[in-house]
Amino acid sequence: MGKNLFNKVWDLHKVAALSETQDQLFIGLHLVHEVTSPQAFQELRERGIKVKYPDRAIATVDHIVPTKDQFIRPYQDTLAEEMLQAVEKNTTEFGIPFFGLHSDSRGIVHIIGPENGFTQPGMTIACGDSHTSTHGAFGAIAFGVGTSQVRDLLATQTLAVDRLKVRKIEVSGARGPGVHAKDIILRIIAELGVMGGIGFAYEFAGPAIAALSMEERMTICNMSIEGGARAGYVNPDQMTFDYLKGRPFAPAGDAYAAAVAFWKSIASDEDAQYDDVYRLDITGMGPMVTWGITPGQGVEVSGNLPRIADLDESEAEITRKAYEHMGFTEGQKIEGAKIDVAFIGSCTNGRISDFRAAAAVVKGRKVAAHVRALAVPGSRKVKEQAEREGLDVVFTEAGFEWREAGCSMCLAMNPDKLVGRQMSASSSNRNFIGRQGTPKGRTLLMSPAMVAAAAVEGAVSDVRKLL
Amino acid sequence: MTDNPAAIKSIEGRALPYQGNDVDTDRIIPARFLRSVTFEGLGEEVFIDERVDENGVKKEHPFNDPAYQGASILMVNRNFGCGSSREHAPQAIMRFGLQAIVGESFGEIFAGNCISIGIPVFTARETVLQELQNLAQREPKTVFKLDVEARSISFNGKSIALEMNSSVRTALLGGTWNTLDELLQNMAQIESVYDRLPYIKGF
């Protein structure tokens, strides 16, 4: 029996067995940002420990940066200013490459890793951020860790971790028009549940995944964690190799051919074993929208919200809580639900293809009068590319605000926040209570194209009617 | 052999029952409180948006309930701590005064973060948690004892088996839950992995 990618990459990076279930695992790429690292650097400083391999880390600032007046310092938010200064000081003192505020390559950490060719197949990648699973799109084992583990990584480039089981999720069928990667992953989470992936890494496979672009694969892997799976990955293929060719930090020249041979070797074998296999056929599936307070509470845009009486008893409590927070009625249609804010961006959907898809919907239309619409590129390179293509003009003419790069309203650690009970159509990853900056704010997750449709209609709409 | 002073063998005290499934880390500690370079003060902000209304008035909430003040053991339900990797969530719970958590299941990164800062995390079936939460609600003065070695909870002369991942149990009993020292010991092996990885060697 063959091996899957997860176990091949794990074995390659295993340093030692720490207990019967736990290994010391070498992490080939450590991504660092301002929110989860300052306490870790401080502990190293107090103990007089150096960073073991500063060349195996990169750092940036993404969560707290304003997306308007981004370069005017000191920031009005003194806490944000303090955090930015801390990451500047820590990376200088410990010698870690830093993509700072003025770097052309700055952006959301999960966008700049792939964009610059840092993220490569066969690597282990960790970051103090749960959406590190994004990098699995390249055939890497990538997962989020807490600040104590950030400390371990800085000091040793290793982690004490239990090996995960692997569930292969085989997706077949052709996507219909207006159906995007976001819809596929929202469907998977709706089916397997928000805790279905606990203890597992998800291998996304099958013809419908192979047909996705690298950026779409990143969207899928990004949200593995919303299904409870700490890591998710796609086996590397020609699309992966082509994407990496010519990226600033990807192998070049003779090394590229050797790299491709290595990358091919770490893909799951044809006869690889899995702990579980799940199959999904997306034929005929429509765009998805979440209506509740977990990413698993999603329905097709044409669908009706569930009736509590029809649900398994174990789902009743969280469903009741969702209705209470969202103010929806059991059995109602989600299409037509009025929105106040539209947000396009985040590590889930802040890449150039996301803005192209949204711009195609927005072009020649106007954002509804009562809607505040924000388009926030995931990186400065995404922003520049969009501007080269004139997408910024499409968005601003329609009534969107076109902003500087950052995490922005995905988690509202910067000034971009909902107000009161506002309802947001958002291309981000979490609809948790309070997530977008106000305790009573409400979030409907959907693809960027669906957010664009909601922005112009002023309510949840089926983007297929606008294509 | 003397015991490692960091060893955690048992936690004894009253319980704080917090009911609900899929409680995410944004609810435990909203992102705006992550705008800090330390973990100080987080104990006061735990579940803050559920505990205090928009006018700053305290609401009915288990974390506000005087009956549970001074509790050591948090009792929760399914998929507690799902969502983000913020260690601020277990830090907030710990700084509120809680020292251990028993639940049906946990978000994986959250559970790992709890162990990293020395908070034992036990799991049990839904019916067991309901029984424990009901008892803590009915008789808040009940003293529970969590035993890491035996993987059990005892109270009122009764004992119930709990589950705990074996590597976690080993780390708690051995006092190696702060993993750094253990990881630092294998420097030679770390360097040999560094030296063999194709993408570090430049292929």
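Whatever comes next refers back to the structure up there.
Parameters at a glance
Residues numbered from 1 in each chain as written. Chains lettered and ligands numbered in written order. Predicted model: local features only at pLDDT ≥ 70, side-chain atom pairs only at ≥ 80, totals over all residues. Heavy atoms only, no water. Helix = DSSP H or I, 4+ residues; strand = E, 2+ residues; numbered from the N terminus. Expected span 1.5 Å × (residues − 1). Buried < 20%, exposed > 50% of the residue type's maximum accessible area, 1.4 Å probe, protein only. 1 Å grid on protein atoms, 1.4 Å probe; cavity = no way out; pocket = protein on both sides within 12 Å on 5 of 7 lines; lining within 4 Å. Points joined across faces, edges and corners; volume = space filled by probe spheres on them. Nonpolar A, V, L, I, M, F, W, Y, C, P; charged D, E, K, R; others polar. Domains from an automatic or database assignment. Contact = heavy atoms within 4.5 Å. Buried area = accessible area lost by both parts, 1.4 Å probe. Salt bridge = Lys/Arg side-chain N within 4 Å of Asp/Glu carboxyl O. Polar contact = N/O pair within 3.5 Å; in protein donor to acceptor, adjacent residues only side chain to side chain. Phe/Tyr/Trp six-rings, centres within 6.5 Å; stacked < 30°, edge-to-face > 60°. Lys NZ or Arg CZ within 6 Å of the ring centre and 35° of its normal.

Draft legend 1. Region of interest: helix H6 (residues 181–192) of chain A. Residue and element names in this part refer to chain A. Taking 1.5 Å of rise per residue, the 12 residues of H6 would be expected to cover 16 Å, and the 17 Å separating its terminal C-alpha atoms lies within 8% of that figure. In terms of residue burial, H6 counts as a mostly covered element, since 10 of its 12 residues are buried. Among the residues of H6, those classed as buried are Ala181, Lys182, Asp183, Ile184, Ile185, Leu186, Arg187, Ile188, Ile189 and Leu192. Glycine 193 sits one or two residues past H6 and shows a positive phi near 90 degrees.

Draft legend 2. Broad picture of empty space enclosed by the protein. Taken as a whole and assessed by the stated rule, the structure comprises three cavities of 30 Å³ or more. Its boundaries defined by the atoms lining it, the largest cavity holds a volume of some 210 Å³. Along its surface, the largest cavity is lined by 23 residues, and His63(A), Asp129(A), His131(A), Leu411(A) and Arg435(A) are the ones closest to its centre. For the lining of the largest cavity, the per-class residue count stands at eight nonpolar, 10 polar and five charged. When residues of the lining of the largest cavity are sorted by domain, at least three fall in each of domain 1 (5–162) and domain 3 (288–465) of chain A. Space inside the second largest cavity adds up to approximately 70 Å³. Lining the second largest cavity, in full, are Val194(A), Ile225(A), Gly228(A), Asn79(B), Gly81(B), Cys82(B), Gly83(B), Ser84(B), Gly107(B), Glu108(B), Ile109(B) and Phe110(B).

Draft legend 3. Region of interest: helix H2 (residues 38–47) of chain A. Those residues of H2(A) lying buried are Pro38(A), Gln39(A), Ala40(A), Phe41(A) and Leu44(A). Buried residues along H2(A) sit in contact with strand E3 (29–32), helix H3 (78–94) and helix H5 (147–156) of chain A together with helix H3 (88–96) of chain B. Looking one or two residues beyond H2(A), the residue adopting positive phi is Gly48(A), at roughly 70 degrees.

Draft legend 4. Representation of the layout of surface pockets within the structure. In this structure, the largest pocket encloses a volume near 1,000 Å³. As for the largest pocket, its lining consists of 37 residues, of which Asp162(A), Glu108(B), Ala111(B), Asn165(B) and Val168(B) are closest to the centre. Secondary-structure elements contributing two or more residues to the lining of the largest pocket are H5 and strand E8 (158–162) of chain A together with helix H4 (108–116), strand E5 (121–123) and helix H6 (166–174) of chain B. A total of five residues in the lining of the largest pocket trace back to one element, the largest contributor, which is H4(B). Split into classes, the residues belonging to the lining of the largest pocket amount to 17 nonpolar, 11 polar and nine charged. Per-domain counts for the lining of the largest pocket show at least three residues from each of domain 1 (5–162) and domain 2 (165–281) of chain A.

Draft legend 5. Summary view of the interface of chain B and chain A. The interface of chain B with chain A comprises 56 residues on the first partner and 81 residues on the second. Summing both sides of the interface, chain B and chain A together bury roughly 5,600 Å²; the carbon and sulfur share of this comes to 57%. Considering only the side of chain B, the residues that lose the most area to chain A are Arg35(B), Tyr199(B) and Phe203(B), jointly responsible for 14% of the buried surface there. The interface formed by chain B and chain A holds six salt bridges in total. A salt bridge links Arg435(A) to Asp26(B); its shortest N-O distance comes to 3.0 Å. Linking chain B with chain A are 28 residue pairs in polar contact (both at pLDDT 80 or more), by the criterion used here. Of all the secondary structure elements, the ones that give two or more residues to the side of chain B that touches chain A are helix H1 (25–28), H4, H6, helix H7 (180–184), helix H8 (187–196) and helix H9 (198–201) of chain B. It is H8(B) that provides the largest number of residues to the side of chain B that touches chain A, a total of seven residues.

Draft legend 6. Inspection of the packing of aromatic side chains at higher detail. In total, this model carries 27 aromatic pairs over all chains according to the counting rule given. Where Phe80(B) meets Phe110(B), the ring centres are 5.5 Å apart and the plane angle is 75 degrees; that geometry is what we call edge-to-face. Linking Phe80(B) in the loop between strand E3 (73–75) and H3 with Phe110(B) in helix H4, this pair joins segments that are 30 residues apart in sequence. Residue classification places Phe80(B) among the buried residues on the basis of a relative accessible area of 0%. Note on Phe110(B): relative accessible area 1%, which makes it buried. By way of ring pairs, the aromatic residues Tyr18(B), Phe47(B), Phe63(B), Phe80(B), Phe96(B), Phe106(B) and Phe110(B) are connected into one cluster. Taking NZ or CZ as reference, Arg73(A) lies 6.0 Å from the ring centre of Tyr75(A), over its face. Of note, Arg247(A) hangs over the ring of Tyr243(A), and the distance from its end group to the ring centre comes to 3.7 Å.

Draft legend 7. Quick look at the pattern of salt bridges. Residues and elements named next belong to chain A. Throughout the structure, instances matching the rule amount to 38 salt bridges over all chains. Between glutamate 88 and arginine 73 there is a salt bridge; the shortest N-O distance is 2.7 Å. Here glutamate 88, found in helix H3, pairs with arginine 73, found in the loop between strand E4 (57–60) and H3; they are 15 residues apart in sequence, far enough to count as distant. A single network of salt bridges, built from pairs that share partners, joins Arg372, Glu401, Arg403 and Asp416.

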